[in-house]
Amino acid sequence: MRYRITYAPPADDTLSKMRDGEAFKETVARTLGHDPYGHGSTAVRGERDRREATVLGAVVLYYVSGTILTVTVVRLIPGL
């Protein structure tokens, strides 16, 4: 099953400023897009569909919608 990845405006703004933005997007699609509950992600505040993961050194906060197979990245914190 493959999930569509979307970026909320704050995350999209951060993504546009990242040097490796395209590689980041490809990695998110390859990892979280295939298994949004895996890849070392954790539930935030006990909510299963509200997740946090680290991708290419950036913290990714995202929501999973299983009914429409979409992962929405709401915030990126680059460069750990």
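Residues numbered from 1 in each chain as written. Predicted model: local features only at pLDDT ≥ 70, side-chain atom pairs only at ≥ 80, totals over all residues. Heavy atoms only, no water.

**Considerations on the pairing of strand E3 (residues 47-55)**
So, step 1. Pairing analysis gives three bridges linking strand E2 (residues 42-44) to E3, with the strands arranged antiparallel. Bridge pairing links Ala43 to Arg51 in E3.
So, step 2. Bridge analysis of E3 against strand E4 (residues 58-65) gives six bridges, and the strand direction is antiparallel. Note that in E4 the partner of Ala53 across the bridge is Val60. (Pairing = 2+ DSSP bridges. Helix = DSSP H or I, 4+ residues; strand = E, 2+ residues; numbered from the N terminus.)

**A short note on the pattern of salt bridges**
So, step 1. Within the structure shown, the criterion is met by three salt bridges.
So, step 2. The salt bridge involving Asp13 is made with Lys17; its shortest N-O contact spans 3.2 Å. With Asp13 and Lys17 both in helix H1 (residues 9-17), this residue pair falls four residues apart, about one helical turn. (Salt bridge = Lys/Arg side-chain N within 4 Å of Asp/Glu carboxyl O.)

**Remarks on H1**
So, step 1. Regarding H1, the residues found buried are Ala11, Thr14 and Leu15. Down the axis of H1, the sector holding all buried residues measures 105 degrees, keeping them to one side. Every exposed residue of H1 that faces more than 90 degrees away from the buried side is listed here: Pro9, Ser16 and Lys17. (Buried < 20%, exposed > 50% of the residue type's maximum accessible area, 1.4 Å probe, protein only. Arc of directions from axis to C-beta.)

**Re the sheet that holds strand E1 (residues 4-7)**
Sheet strands line up and pair through hydrogen bonds in the backbone, either parallel or antiparallel.
So, step 1. The five strands are arranged E1-E5-E4-E3-E2 in an open sheet whose pairing can be described as mixed. Edge positions in the open sheet fall to E1 and E2, since each of these has one partner strand only. Averaged over all adjacent pairs, the angle separating strand axes in this sheet is 40 degrees, with direction ignored.
So, step 2. Its contacts with the sheet place H1 against E1 and strand E5 (70-77), and it is angled at close to 60 degrees to E5.
So, step 3. Running over the sheet, helix H2 (residues 21-31) touches E1, E3, E4 and E5 and is turned about 135 degrees from E1. (Axes fitted to C-alpha atoms, helices over the stretch in contact; angles between N-to-C directions. Contact = heavy atoms within 4.5 Å.)

**Regarding the packing of aromatic side chains**
So, step 1. Inspection of every chain in the model, using the stated rule, returns zero aromatic pairs.
So, step 2. The ring of Tyr37 has Arg48 sitting right over it, with the charged end atom 3.8 Å from the ring centre. (Phe/Tyr/Trp six-rings, centres within 6.5 Å; stacked < 30°, edge-to-face > 60°. Lys NZ or Arg CZ within 6 Å of the ring centre and 35° of its normal.)

**A few points about unusual backbone geometry**
So, step 1. Despite not being glycine, His39 shows a phi value in the positive range, around 55 degrees.
So, step 2. Summarising the element assignment, His39 is placed in the loop between H2 and E2.
So, step 3. By relative accessible area, which is 45% here, His39 ends up partly exposed.
So, step 4. The phi torsion at Leu69 lies on the positive side, around 50 degrees, for a residue other than glycine.
So, step 5. Considering the arrangement of structural elements, one finds Leu69 in the loop between E4 and E5.

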